Amino acid sequence: MKRIIAVMLSIAFAGSVIAAQAQQDTATATTTKTAKRKPAAKKSGPNISEQLSEMKTALDAQQQQIKQLSDLVETREQKIQQLEQRLDQSQAVATQAQTKADTVAAQSAEEQQTVMALKSDVTDLKTGATSTALDLQETQKTVKTGFENPVALHYKGVTLTPGGFVAAYGIYRSHNTSSDATSTFGGIPFSGTSNAHLSEFRLTERHSNISLMADSNVHGIQTKAYFEMDFEGAAPTANETISNSFTPRVREFWVNAETKNGLAFLAGQGWELLTPNRKSIAPKTEFRPATIDASYLVGYHYARETMFRITDRVSDKVTFAAAVENPETVIQGSGAPANCSTGTANCIVPGVQGTGFAAVTSTDIAPDVAVKVAFDPGWGHYELGGIARFYRSRFVTTTDSPDGGTNNTNVSGAFAFNAILPLVPKKIDFYLTSLAGRGVGRFLPGGGVDVIVKPDGTLMPVRAAGVMGGFEIHPTPSWDINLYGGNEYYSRTIYLNATGGQVGYGRTTANQTNCSVEVPSSSTACEANNRDIWEITPQVWRRFWKGKEGTLQWGLEYEYIHRKAWAGNVGTSTFQPSGIQNVFMTAMRWYLP
């Protein structure tokens with residue numbers, strides 16, 4: 001290509017020379033012709049040989065120029081070749097450089113990925129180290145807390161949680177009953193008796209409470225065992241003379257196993273099923289008035305007894321329970337048939353409970369059977385329950401043969417309704433408990449009777465009812481202000497014997513001559529039977545602190561209690577004894593955390 005360009009340049013140059021020569025020849029010829037037409041003076045000029053010589057010289061000069069041009073073209077071609085070679089080398093170097101750059105870039109990208117991965121690993125390590133440090137701190141805190149401030153104790157697969165409270169009470173009663181922290185509402189002295197003229201003051205710690213909860217999961221079944229005791233037991237040698245030695249008393253001792261579907265089984269001594277709960281039906285959720293008095297309130301129904309109970313949580317809003325419970329029968333102690341009064345060899349049943357709470361057991365034919373359903377609809381808590389009781393007596397007359405006595409049975413029933421209404425959530429709650437039916441005196445703190453003995457020796461349950469209502473107000477986390485009231489009623493239950501005399505409870509012919517005097521006019525005991533008892537109790541609690549150290553609180557309580565008996569006879573007159581009690585109680589309690 002480069003040679004072609006050089007030749008073409010040479011040809012073009014030669015052509016230009018020839019054309020110039022031709023133009024010169026033409027001009028010469030023209031001049032000659034002109035001269036012919038116009039004669040002029042002769043003039044000498046170069047000859048042909050000189051012209052040829054000049055032309056040769058010009059050609060040589062032109063060839064020399066062509067050669068120079070060719071040399072220049074060749075030189076340029078060489079330079080171009082050198083440039084091309086350099087370009088190729090540069091391209092090769094560039095390619096190599098690009099390759100190296102690509103390699104370096106790839107390596108850089110890989111290294112960048114490696115760096116990013118390392119950074120990620122470092123970040124993870126830092127996060128892991130931080131998490132490990134936090135876990136270690138939490139573990140150290142837990143270990144420290146577990147050793148220094150343990151919430152519970154762990155023994156093998158069981159979690160043990162101690163509880164209870166240490167209490168010191170100051171008690172004043174306007175009329176003496178010698179009853180420590182457990183008031184005898186049904187035994188308030190009638191007006192006019194010696195105890196009605198004596199007040200009562202005492203300091204006591206006997207209601208201090210010790211408890212232990214054992215919690216474990218046995219093959220997916222949540223199992224709890226609970227023990228609770230106080231010191232309200234009184235052995236024959238118990239006294240307040242020197243050491244204030246009073247014996248422990250079992251309050252609760254049960255085990256409860258609950259499956260994941262809400263089916264639970266309880267066995268042991270616990271709160272009787274009809275005792276109101278705060279929510280659902282489960283142990284340790286019972287509603288108990290926040291009284292200082294260990295007998296709680298008139299009209300509040302409860303018992304702590306041995307039982308077997310099954311509970312089914314039907315839904316989040318409905319719970320059903322049924323139980324068989326230890327029976328105990330309280331019998332009327334006065335007015336029984338002459339050949340079947342308590343304490344004689346031919347009594348209805350040896351061991352039948354006498355008036356009040358004597359330390360004997362009855363021989364009922366079957367356990368008490370109780371059922372209850374609880375509703376938690378979202379506002380409030382409501383309960384409906386019932387109980388059936390089964391009594392047995394044996395009547396033997398003096399004319400019967402040694403094996404001529406007869407057994408007699410009877411059945412009674414009662415119903416309960418309980419409710420808790422959160423009038424102002426977490427501020428004001430209203431409580432209502434009620435129990436009514438036959439044979440329920442043992443469940444009422446007024447100490448009523450369950451049955452009386454009819455003239456034929458059979459047992460007749462006495463109608464009774466108890467109701468309690470109250471407000472619990474929580475104006476601040478440190479203060480509780482409570483107001484409770486309750487009433488118990490025991491119906492007259494009278495039968496006539498063969499001679500027309502009255503037998504039973506609340507007899508109009510009961511001798512009440514010595515019910516309201518200090519010095520009895522005869523050896524005849526007061527035969528008055530309680531008709532109704534009512535009470536009103538305002539109360540306040542002040543918490544000084546509540547935390548990991550436990551709860552320290554002080555309480556002050558006033559009780560106004562009125563007792564009235566059924567009217568009987570004093571000579572030829574009708575007399576209805578009554579008694580009033582004013583009680584002031586104060587307490588300092590420290591609850592275990």
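Further up the page is the structure itself.
Residues numbered from 1 in each chain as written. Predicted model: local features only at pLDDT ≥ 70, side-chain atom pairs only at ≥ 80, totals over all residues. Heavy atoms only, no water.

*Asks:* Is there a simple way to explain the overall build of the protein in this structure?
*Replies:* When you go through the protein residue by residue, the secondary structure sums to two helices and 24 strands. The burial tally for the protein puts 37% of its 593 residues in the buried class. When contacts within the protein are restricted to residue pairs at least 6 apart in sequence, those whose partners lie at least 24 apart make up 64%. Carbon and sulfur atoms make up 61% of the accessible area of the protein, which amounts to about 32800 Å² in all. (Helix = DSSP H or I, 4+ residues; strand = E, 2+ residues; numbered from the N terminus. Buried < 20%, exposed > 50% of the residue type's maximum accessible area, 1.4 Å probe, protein only. Contact = heavy atoms within 4.5 Å. Areas by Shrake-Rupley, 256 points an atom, 1.4 Å probe, with all protein chains shown as cover.)

*Asks:* Before we go on, may I ask you to explain the side chain of Arg-563 in this structure?
*Replies:* Here Arg-563 is to be found in strand β21 (residues 550-565). The side chain of Arg-563 sits in the buried core without any salt bridge; Asp-532 is the nearest counter-charge, 9.8 Å away. From its side chain, Arg-563 meets the backbone oxygen of Ile-188 in a polar contact 2.5 Å long. For Arg-563, the contacting residues outside a window of four places in its chain are Gly-186, Gly-187, Ile-188, Phe-190, Asn-530, Asp-532, Ile-533, Pro-577, Ser-578 and Gly-579. (Lys, Arg positive; Asp, Glu negative; His and termini not counted. Salt bridge = Lys/Arg side-chain N within 4 Å of Asp/Glu carboxyl O. Polar contact = N/O pair within 3.5 Å; in protein donor to acceptor, adjacent residues only side chain to side chain.)

*Asks:* Would you mind going over the state of the cysteines with me for this structure?
*Replies:* Here is the idea: a disulfide is a covalent bond, and it sits between the sulfur atoms of two cysteines. Under the criterion given, the structure shown has one disulfide. A sulfur-sulfur separation of 1.8 Å characterises the disulfide bridge that pairs Cys-515 with Cys-526. Residues Cys-515 and Cys-526 are joined by a disulfide whose S-S torsion is about 95°; by sign, that bridge is right-handed. Of the two residues, Cys-515 sits in the loop between β19 (502-505) and β20 (530-547) while Cys-526 sits in the loop between β19 and β20, which places them 11 residues apart along the sequence. Judged by its relative accessible area of 2%, Cys-515 is buried. (Disulfide = S-S within 2.5 Å.)

*Asks:* Hey, could you run me through the environment of Ala-498 in this one?
*Replies:* Mapped onto the secondary structure, Ala-498 falls in the loop between β18 (493-496) and β19. Along the chain, Ala-498 and Pro-455 lie 43 residues apart, while their C-alpha atoms are 7.9 Å from each other.

*Asks:* What is the right way to read the pattern of salt bridges from this model?
*Replies:* Opposite charge on two side chains lets them pair, provided their charged atoms get close. Under the counting rule described, the total for this entry stands at 18 salt bridges. One salt bridge connects Arg-249 with Asp-230, and the closest N-O pair in it is separated by 2.7 Å. Here the residue Arg-249 occupies a position in strand β6 (residues 247-258), and Asp-230 occupies one in strand β5 (residues 221-233), the gap between them amounting to 19 residues. For Arg-249, a relative accessible area of 26% corresponds to the partly exposed category. For Asp-230, a relative accessible area of 0% puts it in the buried group. With a closest N to O distance of 3.2 Å, Arg-251 and Asp-230 form a salt bridge. Separated by 21 residues along the polypeptide, Arg-251 in strand β6 and Asp-230 in strand β5 bring together distant segments of the chain.

*Asks:* Whenever I open this one, the packing of aromatic side chains confuses me. Can you help?
*Replies:* By convention here, two paired aromatic rings are described through the distance between centres and the angle between planes. Taken as a whole, this structure holds 16 aromatic pairs when the rule is applied. A ring pair is formed by Tyr-172 and Phe-584, whose centres lie 6.4 Å apart and whose planes are at 40°; its orientation type is tilted. One end of the pair, Tyr-172, is in strand β2 (residues 158-173); the other, Phe-584, is in strand β24 (residues 578-591), with 412 residues separating them in the sequence. Linked through ring pairs, Trp-271, Phe-287, Tyr-296, Tyr-300, Tyr-302 and Tyr-431 together constitute an aromatic cluster. Taking NZ or CZ as reference, Arg-206 lies 3.7 Å from the ring centre of Phe-246, over its face. Over the ring of Trp-566 we find Arg-531; its NZ or CZ atom is 5.0 Å from the centre of that ring. (Phe/Tyr/Trp six-rings, centres within 6.5 Å; stacked < 30°, edge-to-face > 60°. Lys NZ or Arg CZ within 6 Å of the ring centre and 35° of its normal.)

*Asks:* How should I be thinking about the side chain of Asp-180 in this particular structure?
*Replies:* Structurally, the position occupied by Asp-180 is in the loop between β2 and β3 (200-204). For Asp-180, a relative accessible area of 3% corresponds to the buried category. Polar contacts involving the side chain of Asp-180 include one to the side chain of Thr-204, which spans 3.2 Å.

*Asks:* What is the right way to look at unusual backbone geometry in this model?
*Replies:* Both trends apply: most residues other than glycine have a negative phi, and most peptide bonds are in trans. The backbone of Ser-178 shows a phi angle near 50°, a positive value even though the residue is not glycine. The residue Ser-178 is located in the loop between β2 and β3 in this model. Despite not being glycine, Tyr-296 shows a phi value in the positive range, around 65°. Note on placement: Tyr-296 falls in the loop between β7 (263-271) and β8 (304-313). With a relative accessible area of 6%, Tyr-296 lands in the buried category.

*Asks:* Explain the nonpolar core to me, please; I cannot follow it from the model alone.
*Replies:* Nonpolar side chains in soluble globular proteins tend to be buried together. Formed by 24 residues in total, the largest nonpolar core has its most connected members in Leu-273, Ile-387, Leu-435, Val-440, Phe-443 and Tyr-505. Of all the secondary-structure elements, those providing two or more residues to this core are β9 (318-325), β10 (368-375) and β12 (406-424). For Phe-443, the contacting residues outside a window of four places in its chain are Glu-272, Tyr-300, His-301, Tyr-302, Ala-303, Glu-305, Asp-368, Ile-387, Arg-389 and Leu-435. Ile-171, Ala-294, Val-298 and Trp-541 belong to the second largest nonpolar core, which has 16 residues in total. (Core = buried A, V, L, I, M, F, W, Y, C linked by side-chain atoms within 4.5 Å.)

*Asks:* How should I be thinking about the pairing of strand β16 (residues 463-476) in this particular structure?
*Replies:* Consecutive residues of a regular strand have side chains that alternate between opposite faces of the sheet. Strand direction decides the pairing type here: strand β13 (residues 428-438) and β16, joined by 11 bridges, are antiparallel. When the bridges of β16 are listed, Leu-432 appears paired with Gly-469. Counting the residues in the hairpin turn of β16 and strand β17 (residues 479-490) gives two residues. (Pairing = 2+ DSSP bridges.)

*Asks:* I keep staring at a nonpolar patch on the surface and nothing clicks. Help me out?
*Replies:* Judged by side-chain polarity, Trp-379, Leu-423, Val-424, Phe-471, Ile-473, Ile-481, Leu-483, Trp-534 and Ile-536 come together as a nonpolar surface patch covering roughly 750 Å² of accessible area. At the level of elements, β12, β16, β17 and β20 are the ones that each hand at least two residues to the nonpolar patch. Note that Ile-536 resides in strand β20. Classification of Ile-536 by relative accessible area gives partly exposed; the value is 39%. (Patch = residues over 30% accessible without salt bridge, like charges linked within 9 Å, V, L, I, M, F, W, Y side chains within 5 Å.)

*Asks:* What exactly am I supposed to notice about the pairing of β19 here?
*Replies:* Bridge count for β18 against β19 is four bridges, and the pairing is antiparallel. Within the sheet, the bridge partner assigned to Tyr-495 lies in β19 and is Val-503. Linking two consecutive strands that pair antiparallel, namely β18 and β19, is a turn of five residues; a positive phi of about 90° is found at Gly-500 within it.

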